[in-house]
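Close look at the chain arrangement
Okay, here's what each chain looks like letter by letter:
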Amino acid sequence: MTAQEPIKLWLRAEHKPGEARCALTPAGAAELLREGFRVTVERSQQSAFDPEDYRRAGCDLAPAGSWVDASRDTYILGLKELPEQPQTLVHRHIYFGHAFKHQQGWQGLLHRFRAGGGQLLDLEYLVDGKGRRVAAFGYWAGYCGAALAVLAWCGQQRGQYPALTALSPWQNRTALLADCRRALDSQGRERAPPATTIVGALGRVGSGAGNLLTDLDLPFVPWDLEETAAGGPFPDLLQRELLVNCVLVQSALPPFLVKDMLAPGTHPLSVIADVSCDPYSDFNPLPLYDHATTLAQPLIALGSRSAPLDLIAVDNLPALLPREASEDFCRQLLPALLQLGNDPNSYWQRTAEQFHHHSEAAGVES
């Protein structure tokens, strides 16, 4: 490293219920320490990783939420939203801020940063020179989203209502697949397995969904740019039991489905897993709902008990496989973290420019 003072990185504890992922694993922290970083990790009761593993790697440990007292030159690293306090944010925060597409509450969040002199370095906008995301949880979001669609369908076939109840993380992918297979086997051989349409099948998210269904030997039809080029709505999406939407939409486009198409008893579709999950944006291609679902309440009922149509819109799906998802994400993110504070032309400079641009759009004075 060229800087005389070490780069200070602080891994905050996630406060979103059920969120066991993290952006930096103990192995990743050890690599940063070898490169001269100073790494502080908050103790977390819900993280998939033991704080003592970070301590053994050489990190400093701190109480959950104590990032507010870190020195101003510290980068605060996390994944999901910040708590509502403090009202002014003085640090440079690295996480998924969900503010640059004008989502719910975006102006208030950017005001908090600018009021304190801080900065949002949004992981969603951390891109390379070609505009490609540097690090994403997309694969595991698709994998888990497709798994929940299968489990919800199995619940419907059993007459369970709601078809999917409160969720907790699986220990690993093997355990998730075992639960899915047991649920499918319980339907008996006389019932045909569900067929799925994956929209956005060729992307990172869609490949995860496709691999889950392949692991379970379930049929699916891949849709991508060619199938959606003419613009929706698409009645063909109603013709298979499951729909998994994996499209990351960056601009307005005609919706894939609208409520008027969903009359009960007129189509086979019974589960929609909206992995992209952006109900607060004007760009939502499935304007069938107005709020995300949660691990505690994963379904929105669009149908009835006798003619079920359930929608899954959990916005932190990879939290269901927290270790695999975190390890994969950290491997992707680590090269960018190693550039923090050193290269004025790095990923982080481009991300900072996004923050300044959207702060101006929010009407926040520099």
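Just above sits the structure.
Attention in this report is confined to the structure presented alongside it. (Residues numbered from 1 in each chain as written. Predicted model: local features only at pLDDT ≥ 70, side-chain atom pairs only at ≥ 80, totals over all residues. Heavy atoms only, no water.)

Remarks on the packing of helix α4 (residues 138-157) against helix α5 (residues 173-185)
The contact between α4 and α5 brings their axes to 9 Å, and the two run at 25°. By the angle between their axes, α4 is roughly parallel relative to α5. The chirality of how α4 crosses α5 is left-handed. Here Trp-140, Tyr-143, Cys-144, Ala-147, Val-150, Leu-151, Trp-153 and Cys-154 of α4 come into contact with α5, specifically with Arg-173, Leu-176, Leu-177, Asp-179, Cys-180, Ala-183 and Leu-184. Here the contact of α4 with α5 is composed, by residue class, of 13 nonpolar, no polar and two charged. (Axes fitted to C-alpha atoms, helices over the stretch in contact; angles between N-to-C directions. Helix = DSSP H or I, 4+ residues; strand = E, 2+ residues; numbered from the N terminus. Parallel < 35°, antiparallel > 145°, perpendicular 65-115°, else oblique. Left-handed = near helix turned anticlockwise from the far one by under 90°. Contact = heavy atoms within 4.5 Å. Nonpolar A, V, L, I, M, F, W, Y, C, P; charged D, E, K, R; others polar.)

Observations concerning the pairing of strand β10 (residues 271-274)
The two faces of β10 match: Val-271 and Ala-273 on one face and Ile-272 and Asp-274 on the other face are all buried. Sheet topology note: the strand β9 (residues 242-245)/β10 ladder contains four bridges and is parallel. Residue pairing in the sheet places Asn-245 in a bridge with Asp-274 of β10. Alignment of β10 against strand β12 (residues 310-312), held across three bridges, turns out to be parallel. Note on β12: the bridge partner recorded for Ile-272 is Leu-311. (Buried < 20%, exposed > 50% of the residue type's maximum accessible area, 1.4 Å probe, protein only. Pairing = 2+ DSSP bridges.)

Concerning the pairing of strand β2 (residues 38-42)
Most of β2 is tucked away: four of the five residues are buried. The pairing of β2 with strand β3 (residues 60-62) spans three bridges and is classified as parallel. Residue Glu-42 lies in a different strand from β3, and its bridge partner there is Ala-62. Once the chain exits β2 it traverses helix α2 (residues 51-57) before rejoining the sheet at β3, and the crossover so formed is right-handed. (Right-handed = clockwise from strand over helix to strand, strands pointing away.)

Digging into the pattern of salt bridges
Taken as a whole, this structure holds 13 salt bridges when the rule is applied. Its salt-bridge partner being Asp-215, residue Arg-173 comes within 3.0 Å of it at the nearest N-O pair. Of this pair, Arg-173 sits in helix α5 while Asp-215 sits in helix α6 (residues 204-215); the two residues are 42 residues apart in sequence, bridging distant segments of the chain. In this structure, Glu-327 engages Arg-323 in a salt bridge whose closest nitrogen and oxygen atoms are separated by 3.8 Å. Here Arg-323 and Glu-327 lie together in helix α8 (residues 322-337), a separation of four residues that amounts to about one turn. Its relative accessible area of 31% is what places Glu-327 among the partly exposed residues. One connected set of salt bridges, linked through shared partners, spans Lys-16, Glu-81 and Asp-315. (Salt bridge = Lys/Arg side-chain N within 4 Å of Asp/Glu carboxyl O.)

Description of the nonpolar core
Counting residues in each nonpolar core, the largest one holds 79 residues, and the members touching the most others are Leu-24, Leu-176, Leu-212, Leu-333 and Leu-337. Sorting elements by how many residues they give to this core places α4 first, with 13 residues. Those residues in contact with Leu-337, other than ones at most four positions away along the chain, are Leu-9, Leu-24, Leu-32, Phe-37, Leu-77, Ile-94 and Trp-348. By size, the runner-up hydrophobic cluster in this structure holds 21 residues, among which are Leu-269, Leu-286, Tyr-289 and Leu-311. (Core = buried A, V, L, I, M, F, W, Y, C linked by side-chain atoms within 4.5 Å.)

Structural notes on the packing of helix α3 (residues 106-116) against helix α9 (residues 347-361)
The N-to-C vectors of α3 and α9 enclose an angle of 115°; their axes lie 10 Å apart at closest approach. The handedness of the crossing between α3 and α9 comes out as left-handed. Where α3 approaches α9, its residues Trp-106, Leu-110, Phe-113 and Arg-114 are matched on the opposing element by Phe-355, His-356, His-358, Ser-359 and Ala-361. Residue classes in the contact of α3 with α9 are distributed as five nonpolar, three polar and one charged.

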